[in-house]
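A look at the structure
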Amino acid sequence: LPRAICLGEAMVMLAGESGVPLEDVESFRRSVGGAECNVAGGLAALGVSTGWISRLGDDGFGRHVVRDLQARGVEVGGVEKDPDRPTALYVKHTIDGHSRMYYYRSSSAAAAMDPTFLDRPEVWERLASAELVHTTGITVAISSTAAAMLERLAELRDRYGFMLSVDLNWRPALWRDQDPAPLWRLLRAADVVLIGADEALVFAGTNDPAELRELLGARPTLVVKNDSHSALVLEPDGRRTEVPAVTVDVVEPVGAGDAFAAGYLAGTLQGLPVAQRLRLGHLSAAAVLAVPEDHAAPLDPAVRQALLSCSDEEWA
Ligand code: KDG
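A brief structural summary. (Residues numbered from 1 in each chain as written. Predicted model: local features only at pLDDT ≥ 70, side-chain atom pairs only at ≥ 80, totals over all residues. Heavy atoms only, no water.)

Now for the sheet that holds strand β3 (residues 28–33). Spatially, four strands are ordered β3-β2-β7-β8 in an open sheet, and the strand pairing comes out mixed. Edge positions in the sheet fall to β3 and β8 (98–104), since each has one partner strand and no second. Averaged over all neighbouring strand pairs, the angle between strand axes comes to 25°, with direction disregarded. In the sheet, strand β2 (residues 11–16) pairs with β3 via six bridges, with the strands oriented antiparallel. When the bridges of β3 are listed, M13 appears paired with S31. (Pairing = 2+ DSSP bridges. Helix = DSSP H or I, 4+ residues; strand = E, 2+ residues; numbered from the N terminus. Axes fitted to C-alpha atoms, helices over the stretch in contact; angles between N-to-C directions.)

Below, the structure is given as structure tokens:
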């Protein structure tokens, strides 16, 4: 069974030609998106045996998602097919240099996940033997039943002993006037919280790591990503490690945060020193920043190794 599990919704992503108003786009390029499945693909690409757990419609889009993830080396034995609800879709469209996401997911198969979903043997067996389980704030937002499922996931962590990782992934379009209290609870219960400095400002009113520590409590290791500049880790014992990002020509940024999470978490599972976990995060993010999709082909292992082991001066 996989060492790492990612739990959350995947969607078929349709990308319209950039620069053309959406109402004039005639054909769309299909890909797969969804924060947790992006992380699953990123972990698998870095050699971590990884499963993705979720629900999909019993439809062509669902079959495409499964095929795509399997081709990226992700284990999908914990996926449930719903005969009545569809696989979610989302449209990503870039105009005037900004990407916008339009969701078609409100009554999707994944939105129907609830706490009993974790009792399915295919699911609890995987959770019970995993070292790491990763999810995001998106899954809290997609439905109140999915939010309740994640409360249960935090309880199961105490029983099964996996490391619980949560990326804030603040998506205002999914929250509207929902109460974010369940998301705060999940973040405070996590062992690792990944958070972007810009989204932290909107969600928490601060991106100062010490203030985030006050707000999120003593438990989680905080990983604060400062976009293109740097990322830092603030451990529960107060140790702080910061590593500058690598500079790339950005084609399209969506998914880079998930790739960063995959790199950081793969480095954690592989027992790398904290600074190298951050380097691996930056390298994975850079690969996604350079493509229009939400995920990218894995970096050549020899290049990756050379970059991970170079000196701080060479890295900077
Ligand atoms: O982090 C990237 C995701 O935002 C993208 O793949 C789509 O999961 C998605 C979402 O809900 O926005």
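Okay, back to it.
All right, on to the site of the ligand then. Neighbouring the ligand are 15 residues; Y103, R105, R171, D258 and D294 lie closest to it. Residue A35 places a main-chain N or O atom 2.9 Å away from an oxygen atom belonging to the ligand. D294 is positioned with one of its side-chain polar atoms (N or O) 2.7 Å from an oxygen atom of the ligand. For the ligand, whose unbound accessible area comes to 310 Å², protein coverage reaches 98%. Its atoms largely coinciding with the cavity grid, the ligand occupies the largest pocket. Residue assignment for the shell around the ligand shows that the elements contributing at least two residues are α1 (35–45) and β8. Residue classes in the shell around the ligand are distributed as seven nonpolar, four polar and four charged. (Near = heavy atom within 4 Å. Polar contact = N/O pair within 3.5 Å; in protein donor to acceptor, adjacent residues only side chain to side chain. Areas by Shrake-Rupley, 256 points an atom, 1.4 Å probe, with all protein chains shown as cover. 1 Å grid on protein atoms, 1.4 Å probe; cavity = no way out; pocket = protein on both sides within 12 Å on 5 of 7 lines; lining within 4 Å. Sits in = over half its atoms within 2 Å of the grid points. Nonpolar A, V, L, I, M, F, W, Y, C, P; charged D, E, K, R; others polar.)

Here we take up the sheet that holds strand β11 (residues 192–196). Taken together, the eight strands give an open sheet; going across it, the order is β4-β1-β9-β10-β11-β12-β13-β14, and neighbouring strands pair in mixed fashion. Of all the strands in the sheet, just β4 (50–53) and β14 (240–244) have a single pairing partner and so form its edges. The sheet shows a mean angle of 15° between the axes of neighbouring strands, taken without regard to direction. When strand β13 (residues 230–234) meets β14, the two strands line up antiparallel, connected through five bridges. Bridged to S230 within β14 is P244. Packed on one face of the sheet, helix α7 (residues 181–189) meets β9 (132–136), β10 (163–167) and β11 and runs near 135° to β10. (Contact = heavy atoms within 4.5 Å.)

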